[in-house]
Amino acid sequence: VALSPCGFGGMMWPNGEAHAAQAAEKFGVPFALSTMSILSVEQVREATTKPFWFQLYVMRDREFVAQLIQRAKDAKCSALILTLDLQVLGQRHADIKNGLSAPPRPTLQSLMDLGTKPEW
């Protein structure tokens, strides 16, 4: 049992990746941080006391990939998970209807939502 990598976890809850890593640590199961996470590998490392795994999308920019691997090493990640498929977002119809995008595009509705939910 492990918490698998889930990109954009921080969009669902503030510092979502850090909270998930802390929960995994508390229950003694591995946590895997996604390449597509909102928080950096360094930020998750600061929030935890035990090593976690890092999931890496293999991309064409080898220098960037090498930098990500080094950052994972520096953060004491205990495993590297290689994902060889493309990091393409699925077509989520509800997200399209609601205007979800990364990076977020401010709209009147989203600004009103933020104003009524300061904990976001």
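Description of the structure in this document. Here the structure is a predicted model, which means the values were calculated and not measured.

**Some words on the overall build of the chain**
- The helix and strand inventory of the chain stands at six helices and three strands.
- Counting helices and strands in the order they occur from the N terminus, the chain gives α-α-β-α-β-α-β-α-α.
- By its C-alpha atoms, the chain is 45 × 35 × 25 Å across when sized along the principal axes.
- Looking at the chain residue by residue over its 120 residues, the buried ones come to 26%.
- Taking the contacts inside the chain whose residues are at least 6 apart along the sequence as the reference set, 57% of them involve residues at least 24 apart.
- Only carbon and sulfur atoms are counted for the fraction: they give 60% of the accessible area of the chain, which is about 8700 Å².
- Charge centroids of the chain, computed over 12 positive and 11 negative side chains, lie 4 Å from each other.

**A short note on the environment of Ser110**
- With respect to the helices and strands, Ser110 occurs in helix α6 (residues 108-116).
- Considered as a pair, Ser110 and Val58 are 52 residues apart in the sequence and their alpha carbons are 33 Å apart.

**Some words on the sheet that holds strand β2 (residues 53-57)**
- Taken together, three strands build an open sheet; the order of strands is β1-β2-β3 and the sheet is parallel. If you trace the sheet from one side to the other, it starts and ends with β1 (32-33) and β3 (79-83), each paired once.
- By the bridge criterion, two bridges tie β1 to β2 in an arrangement that is parallel. Looking across to β2, one finds that Leu33 is bridged to Phe54.
- Those strands touched by helix α4 (residues 62-74) are β2 and β3, and its axis lies near 175° from that of β2.

About the cut-offs
Residues numbered from 1 in each chain as written. Predicted model: local features only at pLDDT ≥ 70, side-chain atom pairs only at ≥ 80, totals over all residues. Heavy atoms only, no water. Helix = DSSP H or I, 4+ residues; strand = E, 2+ residues; numbered from the N terminus. Buried < 20%, exposed > 50% of the residue type's maximum accessible area, 1.4 Å probe, protein only. Contact = heavy atoms within 4.5 Å. Areas by Shrake-Rupley, 256 points an atom, 1.4 Å probe, with all protein chains shown as cover. Lys, Arg positive; Asp, Glu negative; His and termini not counted. Charge placed at Lys NZ, Arg CZ, Asp CG, Glu CD. Pairing = 2+ DSSP bridges. Axes fitted to C-alpha atoms, helices over the stretch in contact; angles between N-to-C directions.

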